[in-house]
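The lines below spell out each chain.
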Amino acid sequence: MSIQWFPGHMNAARKKAAETMENTDLVIEVLDARIPQASCNPMVEQLRVFRQRPCLKILNKADLADPNATKQWLDFYNAQKDVFAVAMSCKKPADVAKVPGFAQKLAPHRGVPTKPLRMMIMGIPNVGKSTLMNALLKKRVANVGDEPAVTKTQQRLYLGKNMILTDTPGMLWPKIEHPTDGLMLAASHAIGINALIEEEIATFLAEQLLLHYPKSLVTRYGFNLEGMDAVAVIEGVAMKRGYKLKGGDWDFEKASHTLLLDYRSGALGRISLETPASREHLLATYVPPVLLGQGKSVQTGMEPEIEDEDQE
């Protein structure tokens, strides 16, 4: 399944972002800590590198992500030029209060009344940009919702006398190259529901949970995982929750929705769907669809290197 979602307003947002970047000192890119690179918009990287702007990468929703995987991602990003990465929850005021200081260190030549530090907050839909804006300014200045693409236009706001914030709409990119990225984005609720089939996304998620976080399934649903595949996991959720259709069959659709909600809310525990190592493996083994039929196959997913400390 290849997922693509690029509504018309995102194309306009991309053009506007390119214009605004010229008069920006620093990019604050908000990522989903559970899928940092899958949620990293390549257009943002291209724009900021072209303009030679430093980047503060905020791995938001870190309280929902596997801390071992998050540490690996912080090391990965902090080894890059002109990048400083931090993990936090934008819902925690104490975490957000540190952001201006981090930004100032990346652009020490700005941040005085005569030369305020101009920052763009960028990221994919539903990753927490508006939550960050509201927390920074300590008032509701941006709409926050549980659906992707709530913010559709830029807005420019002042953070004290020395800092200017530009909030941008959540942007995906015109073509998601790696099918696994689309699945991870959809599972993490960054893609509009009209562009996906929840049962397929839930099946992908169940596969990842069986590989990397089986204890989460046992703890949440009381499963005996012996002999279970991804479809059986979702059917098991339906059985445990009593989701039945009128004819007596298990309600696979409702169970799929429940599994996705449990992942997104953290009810399944702290889970990450990719690591730097799994990303490297994906890039090394991915074969573009145009090469299919030439004796090659597409490799997706992550190698099972994430381990819970309590797992054997």
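The structure this text deals with has already been given above.
Keep in mind it's a predicted model, so treat the numbers as computed, not measured.

1. Some remarks on the sheet that holds strand β5 (residues 155-159)
Reading across the sheet, the six strands line up as β3-β2-β1-β4-β6-β5 and stay open at both edges, with mixed pairing between neighbours. In this open sheet, the two strands that pair with only one neighbour each are β3 (83-87) and β5. Strand-to-strand, the axes of this sheet are offset by a mean angle of 25°, without reference to chain direction. For strand β2 (residues 55-60) and β3, the ladder comprises five bridges, and the chain directions are parallel. Across the sheet, the residue bridging to C55 is V83, located in β3. Each of β1 (26-32), β2, β3 and β4 (117-123) touches helix α2 (residues 42-50); the most contacted strand, β1, lies at about 160° to it.

2. Here we look at the pairing of β4
In terms of burial, β4 is largely enclosed, as six of its seven residues are buried. Where β1 and β4 come together, five bridges link them in parallel fashion. Across the sheet, E29 pairs through a bridge with M122, a residue of β4. Sheet topology note: the β4/strand β6 (residues 163-167) ladder contains five bridges and is parallel.

3. A word on unusual backbone geometry
Its identity as a non-glycine residue notwithstanding, D82 has a phi of 60°, on the positive side. Counting through the fold element by element, D82 comes out in the loop between α3 (67-78) and β3. Its relative accessible area of 40% is what places D82 among the partly exposed residues. The phi torsion at H189 lies on the positive side, around 70°, for a residue other than glycine.

4. Observations concerning the pattern of salt bridges
Applying the stated criterion across every chain yields a total of eleven salt bridges. In this structure, D181 engages R279 in a salt bridge whose closest nitrogen and oxygen atoms are separated by 2.6 Å. Of this pair, D181 sits in helix α7 (residues 179-187) while R279 sits in helix α12 (residues 276-285), placing them 98 residues apart in sequence. Assigned by exposure class, D181 and R279 land together as buried. Within the structure, one salt-bridge network assembled from shared partners comprises E29, E45, R48 and K57.

5. Re the layout of surface pockets
There is about 240 Å³ of room inside the second largest pocket. Lining of the second largest pocket is provided by 15 residues; of these, Q37, H178, D181, R279 and L283 occupy positions nearest its centre. Mapped onto the lining of the second largest pocket, the elements with two or more residues apiece are α2, α3 and α12. Top element by residues in the lining of the second largest pocket is α12. It accounts for four residues. Among the residues forming the lining of the second largest pocket, the class breakdown is eight nonpolar, two polar and five charged.

What counts as what
Residues numbered from 1 in each chain as written. Predicted model: local features only at pLDDT ≥ 70, side-chain atom pairs only at ≥ 80, totals over all residues. Heavy atoms only, no water. Pairing = 2+ DSSP bridges. Helix = DSSP H or I, 4+ residues; strand = E, 2+ residues; numbered from the N terminus. Axes fitted to C-alpha atoms, helices over the stretch in contact; angles between N-to-C directions. Contact = heavy atoms within 4.5 Å. Buried < 20%, exposed > 50% of the residue type's maximum accessible area, 1.4 Å probe, protein only. Salt bridge = Lys/Arg side-chain N within 4 Å of Asp/Glu carboxyl O. 1 Å grid on protein atoms, 1.4 Å probe; cavity = no way out; pocket = protein on both sides within 12 Å on 5 of 7 lines; lining within 4 Å. Points joined across faces, edges and corners; volume = space filled by probe spheres on them. Nonpolar A, V, L, I, M, F, W, Y, C, P; charged D, E, K, R; others polar.

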